[in-house]
Amino acid sequence: MRRFAVIGQRATSSPTFLMRDIPGTSGRLDVLIRCLRAALLVSHGLRRDTVIYLVLLGDMPTTLRFSGNAAKYIRPDEHQLAILVRKLLAWPADSARFVEMREGIAIARGGLEVVLADAGACARYVLDERGADMRTLPLEPDALFLLGDDRGFPEGFAVEGTHVSVGPTSVQAEDALTLIHNELDRR
Ligand SMILES: C[S@@+](CC[C@H](N)C(=O)[O-])C[C@H]1O[C@@H](n2cnc3c(N)ncnc32)[C@H](O)[C@@H]1O
């Protein structure tokens, strides 16, 4: 199973952000929504072997989990995905364990700790511009890949894992995610 977690350092867990200004009113939830699209959608379908966690640390830490093997109605249109996320955030979640809201979509209160507990004992990679070139590494396909948002990966997060670079250029988070998918696909 390929697992991705995107850490939104100031991404809101409140459904009150404005659809007409998502970047400006949601703590850059737009970055995470683009990662959701890049993680799960392929041409004419979903990646069934992929799970993505959106970790929203802006106010009350909350994590949304989307599982490609069961999720439905995940659309390539970012506006529609934002509407979906807004509906999900209206859910009165109070559990530190994932509770399924819809098929393949679950919510938990908490941040990275709930992701690490849920992902279990798989390999962990932190996507980091300064990490080792992914082409020099035997990437495990059964793994959790951690990404930062527009501000990068949070400094204070001591995550045990291999730091991996997808190339010499600092790219958008969703592009880094796509490059990992592509590398694993090619192998
Ligand atoms: C837009 S980048 C962050 C840029 C931010 N200004 C910084 O300097 O950290 C968002 C995330 O994408 C991932 N990323 C971007 N370029 C990468 C690269 N070349 N190799 C590995 N990960 C990368 C990292 O996880 C990064 O935290």
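Cut-offs used in this document
Residues numbered from 1 in each chain as written. Predicted model: local features only at pLDDT ≥ 70, side-chain atom pairs only at ≥ 80, totals over all residues. Heavy atoms only, no water. Near = heavy atom within 4 Å. Polar contact = N/O pair within 3.5 Å; in protein donor to acceptor, adjacent residues only side chain to side chain. Areas by Shrake-Rupley, 256 points an atom, 1.4 Å probe, with all protein chains shown as cover. Helix = DSSP H or I, 4+ residues; strand = E, 2+ residues; numbered from the N terminus. Nonpolar A, V, L, I, M, F, W, Y, C, P; charged D, E, K, R; others polar. Buried < 20%, exposed > 50% of the residue type's maximum accessible area, 1.4 Å probe, protein only. Arc of directions from axis to C-beta. Contact = heavy atoms within 4.5 Å. Core = buried A, V, L, I, M, F, W, Y, C linked by side-chain atoms within 4.5 Å. Salt bridge = Lys/Arg side-chain N within 4 Å of Asp/Glu carboxyl O.

Things to note about the site of the ligand
Then, number 1: Contacts to the ligand come from 19 residues, most closely from Leu-127, Val-166, Gly-167, Thr-169 and Val-171.
Then, number 2: Phe-153 places a polar main-chain atom, nitrogen or oxygen, 3.4 Å from an oxygen atom of the ligand.
Then, number 3: Between the ligand and Val-171 there is a distance of 2.9 Å, counted from a nitrogen atom to a backbone nitrogen or oxygen.
Then, number 4: Protein contact buries 81% of the 570 Å² of open area that the ligand shows by itself.
Then, number 5: Of all the secondary-structure elements, those providing two or more residues to the shell around the ligand are strand S8 (123–133), strand S10 (162–165) and helix H5 (173–186).
Then, number 6: Here the residues of the shell around the ligand sort into eight nonpolar, six polar and five charged.

Points about helix H4 (residues 112–119)
Then, number 1: Taken together, the buried positions of H4 are Leu-112, Val-114, Val-115 and Ala-119. When H4 is viewed along its axis, its buried side chains cluster within an angular range of 160° and face the same direction. H4 presents Glu-113 and Ala-117 as exposed residues on the side facing more than 90 degrees away from its buried surface.
Then, number 2: Considering only its buried residues, H4 is in contact with strand S1 (2–8), strand S4 (50–56), strand S5 (62–67), strand S7 (105–109) and strand S9 (143–147).
Then, number 3: Within two residues after H4, Gly-120 carries a phi angle of roughly 75°, on the positive side.

Section: the environment of Leu-46
Then, number 1: With respect to the secondary-structure elements, Leu-46 resides in strand S3 (residues 45–46).
Then, number 2: Separated by 19 residues in sequence, Leu-46 and Arg-65 place their C-alpha atoms 15 Å apart.
Then, number 3: Excluding residues within four positions of it along the chain, Leu-46 makes contact with Leu-40, Leu-41, Gly-68, Ala-71 and Ile-74.

Here's the deal with the nonpolar core
Then, number 1: In terms of nonpolar packing, the biggest core is built from 49 residues, with Leu-29, Ile-52, Leu-54, Leu-64, Phe-66, Ile-74 and Phe-145 touching the most fellow members.
Then, number 2: Sort the elements by how many residues they give to this core and helix H2 (residues 29–40) lands first, with nine residues.
Then, number 3: If we ignore the near neighbours within four places in the chain, the residues touching Leu-54 are Val-6, Leu-32, Leu-36, Thr-62, Thr-63, Leu-64 and Phe-66.
Then, number 4: Ala-5, Ile-7, Val-115 and Val-159 belong to the second largest nonpolar core, which has 18 residues in total.

Some thoughts on the pattern of salt bridges
Then, number 1: The tally for this structure, following the rule as stated, stands at 15 salt bridges.
Then, number 2: The residue Arg-2 makes a salt bridge to Asp-49 at a minimum N-O spacing of 3.7 Å. Taken together, the residues span a long stretch of sequence, with Arg-2 in strand S1 and Asp-49 in the loop between S3 and S4 at a distance of 47 residues.
Then, number 3: Two residues, Asp-128 and Arg-130, come together in a salt bridge whose shortest N-O distance is 3.6 Å.
Then, number 4: Here Asp-128 falls in the buried class, since its relative accessible area comes to 14%.
Then, number 5: In the salt-bridge network here, residues are joined through shared partners; they are Arg-10, Arg-28, Asp-30, Arg-34, Asp-149, Asp-150 and Glu-174.

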